[in-house]
Structure formats: structure tokens, C-alpha cells
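# Inside the fold
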Amino acid sequence: MSKLVINNPGGAHWMQRLSQRGLTFIFWVVFGLLFRPILTLLAWLLGGHFFSEAMVENHGYLLLLDKLWFYLLVIVVISALLIGWASYNLLRFRNNERRNRQPDPVDVTAQAALYGLDQLQVSQLQQQRRMVVEIDDQGRPLLAPT
Amino acid sequence: MMPHYDSLIEPMLNFLFYYPLFMAYLWMVGALYYYYRFEWRKGGVAEVPELSSYPAVTIVVPCHNEAANVNDTIAAVMAQKYPNFEVIAINDASTDTTGADLDALAELYPRLRVLHFPVNQGKAMGLRMAALASPNEFLICIDGDAMLDPYATTWIMHHFITGARVGAVTGNPRIRTRSTLLGKIQVGEFSAIIGMIKRAQRVYGRVFTVSGVVSAFRKSALHQVGYWNVDMVTEDIDVSWRLQLSHWDIRYEPNALCWILMPETFRGLWKQRLRWAQGGAETALRYLRAMWRWKSRRMWPVLLEFCVSVLWSYTMLVVAVLWTIGMFWSLPEYLQVPSMIPGWPGAVLGMTCLLQFAISLKIDGRYERGLGKGYYWMVWYPLFFWMINLCTSIVALPKALLKRRGTRAIWVSPDRGVAEHARGGL
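Quick caveat, the model's predicted, so the values are computed rather than measured.

Over its 31 residues, helix 1 (residues 9-39) of chain B extends 44 Å from the first C-alpha to the last, a length consistent with the 45 Å expected when each residue adds 1.5 Å. Directly after helix 1 of chain B, the chain includes Arg41 of chain B, whose backbone phi takes a positive value near 60°.

Ranked by internal contacts, the top residues of the largest apolar core, which has 79 residues, are Ile59, Ile74, Val87 and Leu112 of chain B. When neighbours within four sequence positions are excluded, Val87 of chain B is seen to be in contact with Ile59, Val61, Ile74, Val77, Met78, Arg111, Leu112 and Arg113 of chain B. Counting 40 residues, the second-largest nonpolar core is a separate cluster that includes Leu117, Val133 and Ile135 of chain A together with Tyr227 of chain B.

So, about the domain arrangement of chain A. Interfaces are often sized by the accessible area lost when the parts come together. With domains assigned, chain A is organised as domain 1 (12-58), domain 2 (65-94) and domain 3 (108-145). The distance between the C-alpha centroids of domain 1 of chain A and domain 2 of chain A comes to 31 Å.

Relative to the helices and strands, Met129 of chain B is located in helix 4 (residues 123-133). Of the residues examined, Met129 of chain B reaches a relative accessible area of 1% and is grouped as buried. Spatially, the C-alpha atoms of Met129 of chain B and Leu139 of chain B are 12 Å apart, while their sequence positions differ by 10 residues. Met129 of chain B has contacts with Tyr115, Val133, Ile135, Gly139 and Pro141 of chain A together with Leu115 and Phe117 of chain B, leaving out every residue within four places of it along the chain.

All names here are of chain B. Even without being glycine, Ala93 reaches a positive phi, approximately 50°. The topology assignment puts Ala93 in the loop between strand 2 (85-92) and helix 3 (98-108). Owing to a relative accessible area of 18%, Ala93 belongs among the buried residues under this scheme. With a phi angle near 60°, Tyr227 is a residue other than glycine that sits in the positive phi range. For Tyr227, the location among the structural elements is in the loop between helix 7 (219-225) and helix 8 (235-245). Take Tyr227: its relative accessible area is 1%, and that puts it in the buried class.

Once that is clear, we can look at the interface of chain B and chain A. In this assembly, 52 residues from chain B lie in contact with 48 residues from chain A. Of all residues in chain B, Phe22, Leu132 and Arg165 of chain B bury the most surface against chain A, accounting for 16% of the area lost on that side. For the pair chain B and chain A, the number of links is 1 salt bridge. There are 24 residue pairs in polar contact (both at pLDDT 80 or more) connecting chain B and chain A. Those elements that provide at least two residues to the side of chain B that touches chain A are helix 1, helix 3, strand 3 (112-117), helix 4, helix 5 (152-162), helix 6 (181-204) and helix 7 of chain B. Top element by residues in the side of chain B that touches chain A is helix 1 of chain B. It accounts for 10 residues. For the side of chain B that touches chain A, a count of residues per class yields 32 nonpolar, 9 polar and 11 charged.

Glancing now at the packing of aromatic side chains. Following the criterion strictly, the structure yields 22 aromatic pairs over all chains and no others. Aromatic pair Tyr71 of chain A and Phe22 of chain B: ring centres 6.2 Å apart, planes at 70°, arrangement edge-to-face. Residue Tyr71 of chain A is located in helix 4 (residues 60-93), and its partner Phe22 of chain B is located in helix 1; the two belong to separate chains. Residue class for Phe22 of chain B comes out buried when judged on its relative accessible area of 12%. One residue, Arg41 of chain B, lies across the ring of Trp40 of chain B, its end atom 4.5 Å from the ring centre. Here Arg111 of chain B stacks its cationic end above the ring of Phe85 of chain B, 4.2 Å away from the centre of that ring.

Criteria and thresholds
Residues numbered from 1 in each chain as written. Chains lettered and ligands numbered in written order. Predicted model: local features only at pLDDT ≥ 70, side-chain atom pairs only at ≥ 80, totals over all residues. Heavy atoms only, no water. Helix = DSSP H or I, 4+ residues; strand = E, 2+ residues; numbered from the N terminus. Expected span 1.5 Å × (residues − 1). Core = buried A, V, L, I, M, F, W, Y, C linked by side-chain atoms within 4.5 Å. Buried < 20%, exposed > 50% of the residue type's maximum accessible area, 1.4 Å probe, protein only. Contact = heavy atoms within 4.5 Å. Domains from an automatic or database assignment. Buried area = accessible area lost by both parts, 1.4 Å probe. Salt bridge = Lys/Arg side-chain N within 4 Å of Asp/Glu carboxyl O. Polar contact = N/O pair within 3.5 Å; in protein donor to acceptor, adjacent residues only side chain to side chain. Nonpolar A, V, L, I, M, F, W, Y, C, P; charged D, E, K, R; others polar. Phe/Tyr/Trp six-rings, centres within 6.5 Å; stacked < 30°, edge-to-face > 60°. Lys NZ or Arg CZ within 6 Å of the ring centre and 35° of its normal.

This is the structure:
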């Protein structure tokens, strides 16, 4: 049996969903304007006339907009730098990766040489299921001689 | 034209305000870019990519006094949905039953091998010896108290198979300990800060560090840089810098989940964060000289970000000290701190913080259902963690400067949060 309520917002085009949400948001704002007298009264009670004097009559909002404009500018510049850098690398290296062959795996000889061990000792270590390893002062494993 | 300041404090206050503000936006933009490029509309964690081959992998689990957790950890590792792997567990001179438990588990799981150290050698030495004992080219290293998601190995291997330049892959640690306020805050921190920074750094191309609790390595890359250093307090930061300075890529894989325990006491958290801060400072100091090469230029922003964040902590200290002195003595005008209570800058930072949390929850929500509930607790994060990170940065730098090179870092059992059935603290 299918669900009684069909709720599949993903079925609509994204433009449709965006416009529906956007229009609804705008309508909420318009709707909120109906309450303007009550909001004005509350704002007066809370000293909103000072706000009106400082921000509107004396153009304080211009200073705020200046500040916000500066923040926005910096954020846009740093975002453009980061995304620009990522895109540049993507374009430059996407089909031009110089290291496209998988590196050769490290072999036992190379590993043994690092710790001054012989190859057989390391091969045996790599096959043991239970190991007890002591370490000397130089950080080298003390393995039983072969 | 250079700005003219009548006060020495004003540029410091501007730096204190603008640095975290613009870094937060840089992280957000980077994380969103990463999200829309690599995560958006992609399948879930269980929908793993098909690999062209499935090379053998060794999962390394260093343990020191992990008797309470090792059964869960090994069981989770053994449930990996990857066809070709073995596990090497290292019992690093545990004084509890970890060694015996691991030996018993090896009877149960044929894929498990156990390496015992009679003397405490530290995590880095454990990893070095596991790499030596492993016959495989790929190593996934997780902590002895962590639980690896069954699909993690495949997600990690996808990067090694498709990228010959990939030297390491770092996974996505998820917090298990959420009994206390400290635990809950850390859930938010790992999503909002750590996950976001990792994504943004990945977009840039270089990361500050792999997560020591879940990271994977190509052995040939490790061999080239000399494996893990045993004298660094954070071997993960150190190896990440060396790999990247040798031009190996480090990738971040958010689908490689690993469930971890974190401290839930102030003392435990302080010790852990101090260790992280000291590790960062030690690494930056050690590779400072290697940075002065044109070939290292891609690491310069990583170093710069670290240095500026330490400078920010010390600037905050200076301002706080001047403000305190100013409460008791009259200071010259150019040194007077008007107030430590943030006005508009505080509001702007607060809004930015909320935006950052909202974006991180949106991005990270796909890995964990119900993460949004954590938003309620995240309000503590700016105050609490910025303070602890600030203090640890200030204390860590002299510790790193004064540390004698070559001192072996060994295990100290950390705080691992409140046990499942115990009563919560804070």
C-alpha cells in the first residue's frame, strides 16, 4: 500500500522549489508589515526612537553599510582566491598528472637495510602471527639472528 | 595609504577580531566548495566505489592499556567489508590484560597478528615496527580505542588506487563519548571546526595534519620520508608535514568513519589539547628551515596559518594583561584597552559562529542522523574551546622551544570519557 501522504519535494525542479520558498519568505515579510503599528509601539517602549535618531535621521546606517561592505569585499576576495586556486589546479593537473604510475612497493631488502637487519629476519617477522620485539637505544628492533 | 593608529591597542583589537572572522568564512567557503564537488547528491557511506583492484592492506592498532576497549576495536576492524586485509595489534607494554586479550583474540581471528613490546616504546615506535612486520604496501592506522566503520577500508583504498601521488588518507573521526557537556561540545567541534577545516584545507591542496586516530599510508611514501619520528609528541602532524614536503598528497575521506572516545574531564581535555598544540609548534619549528625552499611553497600557507594563530593567542594574552593592569593603574592612552566585553565585533563573530555551525551540520549531517540536536550545545564552543585552545597555544610554544630533541615520546593512558554505564560528570 502506498503512503497516504505524498511528500516528495525532490520531484519538483529546483527552480520551482526555490521560487516557492522565496515567494513564501517574501510573503512572510509582507505579512509581518501588518504588525508594524504594534512593532513600532514595542520599539518605542524599548527606546527604538534612539535607534531611529542615530541610524536613520543622522545616517548612522551608512557607517554600518560601509563596514558590512568591507566585510563582504574581504570574504569575496578570499573565497575567490581559494576557489580560483582549486580550479586552477584542477585545470592544470586533471589530465596532466606526471606521477600516474603507481609507485613500486617497498621491498623487504629496503626495509631491512633501514634497521641494519638482514632480509631473512624481516621476511620471518612478516610471517609470524605472534611477535615479541625488543628495541635497542638506537630505535632498532632486536630480532633473533637467522 | 597605510592606516594611521593613535593607539597601539587598536590594531591589536582589529587583529583579534578580523583574523577569526575571516578565517571562519574561508573555512566555510572551502568546506562548501568541497561539499558540492565531492559529497552533494552522492550515495551513502555503504555505497562504496568499485575498485579496479583490491591490494592487501594491513590495519595497524597500537594499544597501551586498552583492555576495556580492545575487544570492540578488533571486532569492528574484523568486520571490514574489504576482501584482502590483515590486522597487526601492538601491545605496547600494557600493565593490564591487553596483551593476554589480544593473544586470545588472535586465536579467534585468523587475520589478527599480535606484536608485543616488553618495554613501553610509544605509539610512533609501535607504528614503525608494525610497518616493518607488515608485508603489505598499504597501512591503515587506528587507535586502540577506536571503532572503524565496516566500509572505511574501501573508501580509503579508493584514493590510493586512483591517485599515484596519494601518500596518505585521513578519515572522519566521530565522537562516541557524549555523556557530559564536554563530550557534547566536542561532537560539535569535530563537525563544525575539524571537519570543516579538513575540507577547506583539502580544497587548498595541503592539510595541517592527518587525524592520528584514523589515517592510512602508502608504505613507499613513508619509507621515503623515514616513517614516523619517535621524538615528536604528535607523530601524526610530523609525518603529515614530511610527506607533503616530499610532494606526496594527503586526501581527506569523510566516508571513512571511525568512532572514537574523547576526554570528558577538564584535566583530560587540557592534557590532550596541550599535546596537540605542542605537537604543532614542534613540527613548525623543526621544518622551518625546510620551508625556505621554493619547492616547499605549497606548505607556506599551512605554516603561515599556524604562526598567525599562535600570534593571535599571544596578542589576546597581551590585551588581557593590559586590560587587567589598566583596572588598577593608569596606563598611557595608547596602551589603554577600552573594554574586554565585545560590542559589535562580538555580535558579528557570534553570528558568524552560528552560520558556521549551521553549515557544518548541513554538511556533516549525511554521516550521522540527528546531528542537528547537537546545535543546542554548540553555543558553548566559542567560549570554551577558543579559551582552551588559546591557553594551550600560549603554554605549548615555550614547551616546544625548550624541548630537547631526541626525547622519545612514550604512552600515557589518556582520559577516554565516561564509560557507557557510568554516571556523567559536567
